[in-house]
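# Architecture and fold: a report
As a plain string of letters, each chain reads:
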Amino acid sequence: KLKRDFVWEDYLSSQKARGAPLDIFEELTGSKAFPSNPNRFRVEWLLEAVDPLHQSMICLVSVAAVMGNRLRIHFVGFPAIYDFWVNSDSPFIFPCGFAQRTGRRLSPPCGCEEEGFCWKPFAQKHDFQIAPDDAFSSILYENETGFKILDRIEAIDRHHPELVCVASIVDVMGKYLLIHFDGWNSCYDYWTLATSNYIRPIGWCKEITYELSPPLGFDENETFDWETYLQKNDFRAADVGLFRNEPHRFEIGMKLEVVDQRNCRLIRVATIADFDDFRVQVHFDGWSDMYDFWIDADSRDLHPLQWCNETQHQLQGPVN
Ligand code: MLZ
């Protein structure tokens, strides 16, 4: 049974709990805790988006559904199983033409050759409506970070957070960096804020006596050494002064509103059950611990109290 008319104030006082402070979310994502504008996107609109499972790719996508300030994004021509949800103020969705205009590759719809593909005739032919520029929260993507493309760093592998690996910065947009692991397939690439705790200057592992994972293909019989690696390949290390490495400030017991990763349409009342340096363990109030899960602390699926209220999204209250 779902509790109707869930009211955070009453719930917090009955639980003697507190909500996670707004600035935690803002520091981790680089976005406002609450979207500044109402959602203007409409179903069927055509746009471009970073593929969350393959973040080095920008793909031609459409809006498949709208719920409050969240959009269900569909890869044009692909089966709906690949659909994913984003917030309407995500910095990783762009107006059509963004990739081309900024010298990036656009992954075309299923069945279209990348070579020579252009979104405009495609949209005309299939009668798509183009998402207007003013639907996007911000489309100014100059490098604001000081980092330079191809700078070398040490980075945490989000898929295996126990691994710190030799990595490079392969793209920059605004405050965000695209991290690539040297030698590895780009499926491990991810976007992160330049201030994030996931990226470190070279020599960090050595300093804390932690094992650094060398590039894929590095001779196992040799010991990896930054100086030799940089010199041999004419690579440059990122400037140490650019790193912030701000740890997240989530604490056990803080309440929040979190997207249910098993059914991404739903946002539930949740509590931080545990955390490590990079992730938090989310517990859904009223549910068995069995449903707890770990998620990156900078995930855009973590929201502060009242986010659903502010964005006209339904919130699933705790089950009794
Ligand atoms: N055992 C895994 C680890 C991959 C780690 C990649 N880090 C960039 C594999 O070999 O696939």
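What this report covers is the structure whose coordinates are included nearby. Only a predicted model underlies this, so the values are computations on that prediction, with no experimental measurement involved. (Residues numbered from 1 in each chain as written. Predicted model: local features only at pLDDT ≥ 70, side-chain atom pairs only at ≥ 80, totals over all residues. Heavy atoms only, no water.)

### Side note on the site of the ligand
In the vicinity of the ligand, the contacting residues are Asp 157, His 160, Leu 163, Cys 165, Phe 181, Trp 184 and Tyr 188. Separating a nitrogen atom of the ligand from a side-chain N or O atom of Asp 157 is a distance of 2.8 Å. Here an oxygen atom of the ligand sits 3.1 Å away from a polar atom, N or O, in the side chain of Tyr 188. When the ligand is considered free in solution it has 340 Å² of accessible area, and contact with the protein chains removes 64% of it. The dominant element in the shell around the ligand, judged by the number of residues it contributes, is strand S9 (residues 160-173), at 3 residues. The residue makeup of the shell around the ligand, split by class, is 5 nonpolar, 1 polar and 1 charged. (Near = heavy atom within 4 Å. Polar contact = N/O pair within 3.5 Å; in protein donor to acceptor, adjacent residues only side chain to side chain. Areas by Shrake-Rupley, 256 points an atom, 1.4 Å probe, with all protein chains shown as cover. Helix = DSSP H or I, 4+ residues; strand = E, 2+ residues; numbered from the N terminus. Nonpolar A, V, L, I, M, F, W, Y, C, P; charged D, E, K, R; others polar.)

### A short note on empty space enclosed by the protein
The final tally for this structure, using the stated rule, is 2 cavities of 30 Å³ or more. If you trace the largest cavity, you find 16 residues lining it, with Leu 28, Ser 196, Asn 197, Glu 246 and His 248 closest to the centre. In terms of residue count, the dominant contributor to the lining of the largest cavity is helix H2 (residues 22-29) (3 residues). Its residues assigned to classes, the lining of the largest cavity shows 7 nonpolar, 4 polar and 5 charged. For the lining of the largest cavity, the two domains that each supply at least three residues are domain 1 (8-20 + 250-310) and domain 3 (151-242). Forming the walls of the second largest cavity are 13 residues, and the residues nearest its centre are Thr 29, Lys 32, Ala 33, Asn 87 and His 303. Only H2 and strand S19 (302-303) provide two or more residues apiece to the lining of the second largest cavity. Of the residues belonging to the lining of the second largest cavity, the class tally is 6 nonpolar, 4 polar and 3 charged. (1 Å grid on protein atoms, 1.4 Å probe; cavity = no way out; pocket = protein on both sides within 12 Å on 5 of 7 lines; lining within 4 Å. Points joined across faces, edges and corners; volume = space filled by probe spheres on them. Domains from an automatic or database assignment.)

### Here we look at the nonpolar core
Among the nonpolar cores identified, the biggest contains 28 residues, and Phe 147, Ile 153, Ala 155, Leu 177, Ile 179, Phe 181 and Ile 199 are the most heavily contacted of them. Per-element tally for this core: the top contributor is S9, with 6 residues. Leave out the neighbours within four places in its chain, and Phe 181 touches Ala 155, Ile 156, Asp 157, Cys 165, Val 166, Ala 167, Tyr 188, Asp 189 and Tyr 190. Leu 60, Phe 92, Met 173 and Leu 193 belong to the second-largest nonpolar core, a separate cluster that totals 21 residues. (Core = buried A, V, L, I, M, F, W, Y, C linked by side-chain atoms within 4.5 Å. Buried < 20%, exposed > 50% of the residue type's maximum accessible area, 1.4 Å probe, protein only. Contact = heavy atoms within 4.5 Å.)

### Focus on the packing of aromatic side chains
Under the counting rule described, the total for this entry stands at 28 aromatic pairs. Here the aromatic rings of Phe 92 and Tyr 176 are separated by 5.2 Å at their centres, their planes lie at 65 degrees, and the arrangement is edge-to-face. Taken together, the residues span a long stretch of sequence, with Phe 92 in the loop between strand S4 (84-87) and strand S5 (93-94) and Tyr 176 in strand S10 (residues 176-181) at a distance of 84 residues. With a centroid separation of 4.2 Å and 5 degrees between ring planes, the pair formed by Phe 94 and Phe 98 is classed as stacked. Each member of the aromatic cluster is reached from another via a ring pair, and the members are Phe 218, Phe 224, Trp 226, Tyr 229 and Phe 235. Between Arg 158 and the ring centre of Tyr 198, over which it is positioned, the NZ or CZ distance is 4.3 Å. (Phe/Tyr/Trp six-rings, centres within 6.5 Å; stacked < 30°, edge-to-face > 60°. Lys NZ or Arg CZ within 6 Å of the ring centre and 35° of its normal.)

### Comments concerning the environment of Gly 286
Among the secondary structure elements, Gly 286 is positioned in the loop between strand S17 (279-284) and strand S18 (293-296). Given the relative accessible area of 52%, Gly 286 is considered exposed. For the pair Gly 286 and Pro 318, spaced 32 residues apart in the sequence, the C-alpha separation amounts to 5.0 Å.

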